[in-house]
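Here is what each chain is made of, one letter per residue.
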Amino acid sequence: MAVRRGTDGAGTAPHGRRRSRTALLRSRGALAGLLLLLAGCGIRPTEVPTDAGPAPSRLPCVLDEDSVSQPPGTTPAKVYLVCGAQLVVVNRYLSEPSAPGPLPVARQLLDQLLLQPSEAERLAHFTSAVPSGTALAGPRPGDPARTLRLTVDPAGLTGPALAQLVCTLGESAAATAGGTVLLGGPGKTPVRAYVCDRELRANPGRTPVPTVPVT
């Protein structure tokens, strides 16, 4: 069969092979240029999946407290810390009260709220809003029984700080039989009966701490 000639007298088959070789050389050249560009940017081409490192060791507001053993001679207690704009309970351990009444227990709980979060708590984004230097005293003359007086006016605390105090003390022996917390401030600051509820725990920054009549 006759081979059809082009204007230069060459067959179409050799001409096609030359075009294939030219395209191959061009693709190789483009690949080499891409490799040089990646090398210049500090990126090493690899076919092996890269390791982005381990996942975060702590989930927000989740603590592994099963591995923490209770120290001898202590009593478990619930302490409310701030995490994710809400109050979340953590377990702490208190020593045996040195004297009867609500004040020794309340002081130990306040000390727990004033502590810097542990490393595990910090990694899980737990914080405390209770200001440093806050202290507690017993009732003044004329105060209702089980009154606790802060060195600062409770009304002057931030919402999360007051909520932490009320919710933590409200689940302890420092609360009244009805679960209220009687708090006053220095001097003649009036005593108020505070309660902790679900709405306060869910949003302490925007929910006013509920109060009930002092009895």
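Bear in mind that the values here come from a model prediction, so they are computed numbers and not experimental data.

Reading the values: rules and limits
Residues numbered from 1 in each chain as written. Predicted model: local features only at pLDDT ≥ 70, side-chain atom pairs only at ≥ 80, totals over all residues. Heavy atoms only, no water. Salt bridge = Lys/Arg side-chain N within 4 Å of Asp/Glu carboxyl O. Helix = DSSP H or I, 4+ residues; strand = E, 2+ residues; numbered from the N terminus. Buried < 20%, exposed > 50% of the residue type's maximum accessible area, 1.4 Å probe, protein only. Disulfide = S-S within 2.5 Å. Pairing = 2+ DSSP bridges.

A. Representation of the pattern of salt bridges within the structure. Per the counting criterion, the structure on display carries three salt bridges. Between Glu-171 and Lys-78 there is a salt bridge whose closest N-O contact spans 3.9 Å. Taken as a pair, Glu-171 in the loop between α4 (159–170) and β5 (181–184) and Lys-78 in strand β1 (residues 74–83) lie far apart in primary sequence, 93 residues in all. What makes Lys-78 partly exposed here is its relative accessible area of 45%. Residue Glu-121 is joined to Arg-92 by a salt bridge in which the shortest nitrogen-to-oxygen separation is 3.0 Å.

B. A look at the state of the cysteines. All chains considered together, the criterion is met by two disulfides. Linked covalently through their sulfurs, Cys-61 and Cys-83 form a disulfide whose S-S length is 2.2 Å. Around the S-S axis, the bridge from Cys-61 to Cys-83 shows a dihedral of about -100 degrees and counts as left-handed. Note that Cys-61 is positioned in the loop between α1 (12–40) and β1 and Cys-83 in strand β1, a separation of 22 residues in sequence. Residue Cys-167 pairs covalently with Cys-196 via a disulfide, S to S 2.0 Å.

C. Summary view of the sheet that holds β5. Taken together, the five strands give an open sheet; going across it, the order is β3-β4-β5-β6-β7, and neighbouring strands pair in mixed fashion. Sheet topology places β3 (136–137) and β7 (211–212) at the edges, where each strand pairs with a single neighbour. Where strand β4 (residues 148–150) and β5 come together, two bridges link them in parallel fashion. In the sheet register, Arg-149 faces β5, and the bridge partner there is Gly-184.

Scope: geometric values only; no functional claims are made or implied.
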